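# Coordinates in review
Single-letter residue listing:
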Amino acid sequence: MSDPSPKKSPQRATSQSYWSIVFRQFKRNKLAMIAMGILMVLFAVALFVPFIAGEKPIYLVKEGKTYLFPNLFKYDDLVDVQFDRWRAGEGEKAIYALIPIAPERNNLTNTLQPPDRTHLLGTDMNGRDVFSRLVWGTQISMSVGFIAVSISLILGVIMGAVAGFHGGKIDMVILRIIEIMICFPSLILILTLIAYLERSIIIIMVVIGVIGAPGVARLVRGEFLKLRDSDFTTAARATGLSDIRIMFRHILPNAMAPVLVYATFGVAGAILTETALSFLGLGVAPPTASWGETLSESKSYVDFAWWLVVFPGVAIFVTVTAFNLVGEGLRDAMDPKLRQ
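Calculation rules
- Residues numbered from 1 in each chain as written.
- Predicted model: local features only at pLDDT ≥ 70, side-chain atom pairs only at ≥ 80, totals over all residues.
- Heavy atoms only, no water.
- 1 Å grid on protein atoms, 1.4 Å probe; cavity = no way out; pocket = protein on both sides within 12 Å on 5 of 7 lines; lining within 4 Å.
- Points joined across faces, edges and corners; volume = space filled by probe spheres on them.
- Helix = DSSP H or I, 4+ residues; strand = E, 2+ residues; numbered from the N terminus.
- Nonpolar A, V, L, I, M, F, W, Y, C, P; charged D, E, K, R; others polar.
- Buried < 20%, exposed > 50% of the residue type's maximum accessible area, 1.4 Å probe, protein only.
- Contact = heavy atoms within 4.5 Å.
- Phe/Tyr/Trp six-rings, centres within 6.5 Å; stacked < 30°, edge-to-face > 60°.
- Axes fitted to C-alpha atoms, helices over the stretch in contact; angles between N-to-C directions.
- Parallel < 35°, antiparallel > 145°, perpendicular 65-115°, else oblique.
- Left-handed = near helix turned anticlockwise from the far one by under 90°.

### Examining the layout of surface pockets
Counted as a void, the second largest pocket has a volume near 490 Å³. Lining the second largest pocket are 22 residues; nearest its centre among them are Met36, Phe146, Thr264, Val326 and Leu330. Elements with a minimum of two residues in the lining of the second largest pocket: α1 (18-27), α2 (30-47), α4 (130-166), α10 (257-279) and α12 (307-334). Split by residue class, the lining of the second largest pocket holds 20 nonpolar, 2 polar and no charged.

### Topic: the side chain of Lys62
Along the chain, Lys62 falls in strand β1 (residues 59-62). For Lys62, a relative accessible area of 12% gives the class buried. In this structure Lys62 touches Tyr67, Leu78, Val81, Trp86 and Glu92, once residues within four positions along its chain are discounted.

### Notes on the packing of aromatic side chains
Per the stated rule, a full pass over the model turns up 6 aromatic pairs. For the pair Phe146 and Phe323, a centre-to-centre distance of 6.1 Å together with 65° between the ring planes defines the contact as edge-to-face. Residue Phe146 is located in helix α4, and its partner Phe323 is located in helix α12; the two are separated by 177 residues in the primary sequence. For Phe323, a relative accessible area of 5% corresponds to the buried category. Here Tyr301 and Phe304 contribute two aromatic rings whose centre-to-centre distance is 6.0 Å and whose plane-to-plane angle is 80°, an arrangement assigned as edge-to-face. Taking the relative accessible area as the measure of exposure, Phe304 reaches 45% and is therefore partly exposed.

### A closer look at the packing of helix α5 (residues 168-182) against helix α7 (residues 201-227)
Between α5 and α7, the least distance of the axes is 9 Å, while the angle of their chain directions is 140°. The angle between the axes of α5 and α7 places the two elements in the oblique class. Crossing geometry of α5 relative to α7 is assigned as left-handed. For the pair α5 and α7, contact is made by Asp171, Leu175, Ile178, Met181 and Ile182 and by Val210, Ile211, Ala213, Pro214, Ala217, Arg218 and Arg221, respectively. Split by residue class, the contact of α5 with α7 holds 9 nonpolar, no polar and 3 charged.

Shape descriptors only; they carry no functional weight alone.
See below:
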C-alpha cells in the first residue's frame, strides 16, 4: 500500500537580506545603473592610467636591464633618458601606453591645435596633449573624492558613534565640537592653509575630509540614538560584551545605510571643490594634470580653442552627475516608502 499522507514538497526560502533587497531595488533605477557603469569606467581609467597615456614605456629592456613601470618608479639610470626621442637598439624593446604622450610634455611648436589623429582632444597653450592630461586628471579627481570621503567617514563614524551610544555630557561635548566644525567653510579654510603652507593635494584632501566629518557624525549619532536601546543591543549587553564591540560590531552595521548615501554625494562635492581650487590656480601644483587646471587655461582662448572648454567641462559634469544619480538611487532603494 502506498502511503496516504501527502508528500511535502521542498519550499524555497523567501527571506532575503536587507542589502539584497536594496540592490534589487537599485537595479530597477535605469539612470542609477547607467551612472554606476560610468563610475566603473572612470574608476578603471584612474586605476589603469599608466596603460592609457604616458611617455615612458610600461615595460622596457635596455642595455640588458629590465624595467617595469618606469613612469611610476624612479630609476637612477633612466633619469637622463629622453623617451620622446629614444629608439630601441639591438636586443632592446619597449611597450608603450595606448597614447604615448606624457601629460606634462610641452611642445611649443604645436600649441592650441584642434583634435586630430595625434592629439585626440587637441593641445593646450603649452602644446600639451589634452587627452593625456584629462586621463591623468581622472586619477587626481577620483583620489581626492574617495580619500576625502574616507577621512570624513572615519572621523564622523567615531564621533557620531560615541555621542549617540553614551549620550549625556559626552554627547553634549561632541555636539558642540560638531557645531564649531560646521561653522568653517571648506573653501575658505583651504585657502587659509594654502596661504601659510605650500600647495599640496594632501592638504586639500584632509581639509575636505575634516569639514565633511560633522555631517557623517550627525547621521551616525541619530542612528545610534535609535538603536542603542533596541532588543539586540540589550541582548549584547546581557552577554557581557564591551561597549566598543557593541558599538562597532552590532550597532554600526545597522546604522551605515544613510551614511553610504551621504558618502556618494560627498565624493561629488569633494571633486567639485578640488576642481574649483584648480580652476583658481590654488589646487594641485603644476605641472600635475587636473581637470580644473585644464579648464582654467581656456579662459584666454575660449573664442577659438573650444576643446579646452568642452572636454574638461564634460568630464566634470558627467562625473559629478553620475555620483549624484548613484546617491539618489541608493536613497530611493533604501527608503521603504519608495520601493516597488
